[in-house]
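Descriptive analysis of the structure
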Amino acid sequence: MSIQPVGNASGRVIMGQKNIWIGTNWKMNRGPAEAISAARALSSFRPPKGIRTFVAPPCTSLRDVSSVLQDSPMIVGAQNMFWEDSGAWTGEISASMITECGASMVVLGHSERRQHFGETDWTVNLKLRAALRHSLTPLLCIGDTLNEYEFGVSQETLARQMKIALHGVSQEELARVLIAYEPVWAIGSAGRPAETAFVSKIHTQLRDVVEDIAGRNSAVRIPLLYGGSVSKANICEYVALPDVDGVLIGRAGWDPADFMSLVDSVSALVSSEVHA
Ligand code: 13P
């Protein structure tokens, strides 16, 4: 399915009108056989109105998952890509290969790639611009390390990551970008979920940086997602925050039944809560 920009004229949000994005990053789990079975379990799911769902399988399962979810509202995304279109880049996949698999989104700059595979702000920028050129929706991940958090420089790190990643991106293209704030210290079984007050503060600051980049009068509202140990216990608290437009889930969303139940658990918020 195609993805429309999310926004309203005021730039501020009425919860009942904003789209909530809920996605799961399968990371390096599920080869084609397991992925097909999980995708089948998700294929008949219809998220409540106002909620957009997505899944990011490993690239070897991308084509199968996209084909199973072809007629479903579930958006399919890759977890990474290279910025060149083709050539002698052993081990890499290009944006056009992702679209040819039937996917329409790509996760870029995940902290696991920055930490373990030498991803930098500069390479994330090249990838993001290549994704946009190929009409993919980039989901840009940014995140502070525990050290940065403890030294109180999270905001500086996140603003830098965001500004470099979005450098050279036009206003029109910005309307197609999603951003996920995933504190490195909150991700995985060794992580701890970020406190909602902290997420709220960071997202409000990120909204400001985005507005600086997009232009203060822009009607575009770039979706800002939170990720890192999101679970049934905390998903509603995050989604209820005025500057949080959704969540990027790892472990808690890998089981299709759990994922659908997490999405459903947010539905009451989307229809009932109103923020000025
Ligand atoms: P967890 O939800 O397992 O902490 O992972 C978050 C994540 O990295 C999603 O991209």
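See the structure shown above.
1. Observations regarding the side chain of arginine 221
With respect to the helices, strands and loops of the structure, arginine 221 is situated in the loop between helix 9 (196-214) and strand 7 (224-227). A polar side-chain atom of arginine 221 sits 3.1 Å from the main-chain carbonyl oxygen of proline 242. Engagement of the side chain of arginine 221 in a polar contact is seen with the side chain of aspartate 245, the distance being 2.6 Å.

2. A look at the site of the ligand
Every residue close to the ligand is listed here: Asn25, Lys27, His110, Glu182, Ala186, Ile187, Gly188, Gly228, Ser229, Leu248, Gly250 and Arg251. At 3.1 Å, a side-chain N or O of asparagine 25 approaches an oxygen atom of the ligand. Between the ligand and the protein, one listed contact pairs an oxygen atom with a backbone N or O atom of serine 229 at 2.9 Å. In isolation the ligand has 310 Å² of accessible area, and contact with the protein removes 99% of it. Residue classes in the shell around the ligand are distributed as three nonpolar, six polar and three charged.

3. Things to note about the packing of helix 5 (residues 121-133) against helix 7 (residues 154-165)
Between helix 5 and helix 7, whose axes approach to 8 Å, the crossing angle comes to 40°. As judged from the angle between their axes, helix 5 and helix 7 are oblique. Our pair here, helix 5 against helix 7, has a crossing hand that is right-handed. For the pair formed by helix 5 and helix 7, the contact residues are Asp121, Trp122, Val124, Asn125 and Leu128 on the first element and Arg160, Gln161, Ile164 and Ala165 on the second. Residues that form the contact of helix 5 with helix 7 fall into these classes: five nonpolar, two polar and two charged.

Reading the values: the criteria
- Residues numbered from 1 in each chain as written.
- Predicted model: local features only at pLDDT ≥ 70, side-chain atom pairs only at ≥ 80, totals over all residues.
- Heavy atoms only, no water.
- Helix = DSSP H or I, 4+ residues; strand = E, 2+ residues; numbered from the N terminus.
- Polar contact = N/O pair within 3.5 Å; in protein donor to acceptor, adjacent residues only side chain to side chain.
- Near = heavy atom within 4 Å.
- Areas by Shrake-Rupley, 256 points an atom, 1.4 Å probe, with all protein chains shown as cover.
- Nonpolar A, V, L, I, M, F, W, Y, C, P; charged D, E, K, R; others polar.
- Axes fitted to C-alpha atoms, helices over the stretch in contact; angles between N-to-C directions.
- Parallel < 35°, antiparallel > 145°, perpendicular 65-115°, else oblique.
- Left-handed = near helix turned anticlockwise from the far one by under 90°.
- Contact = heavy atoms within 4.5 Å.

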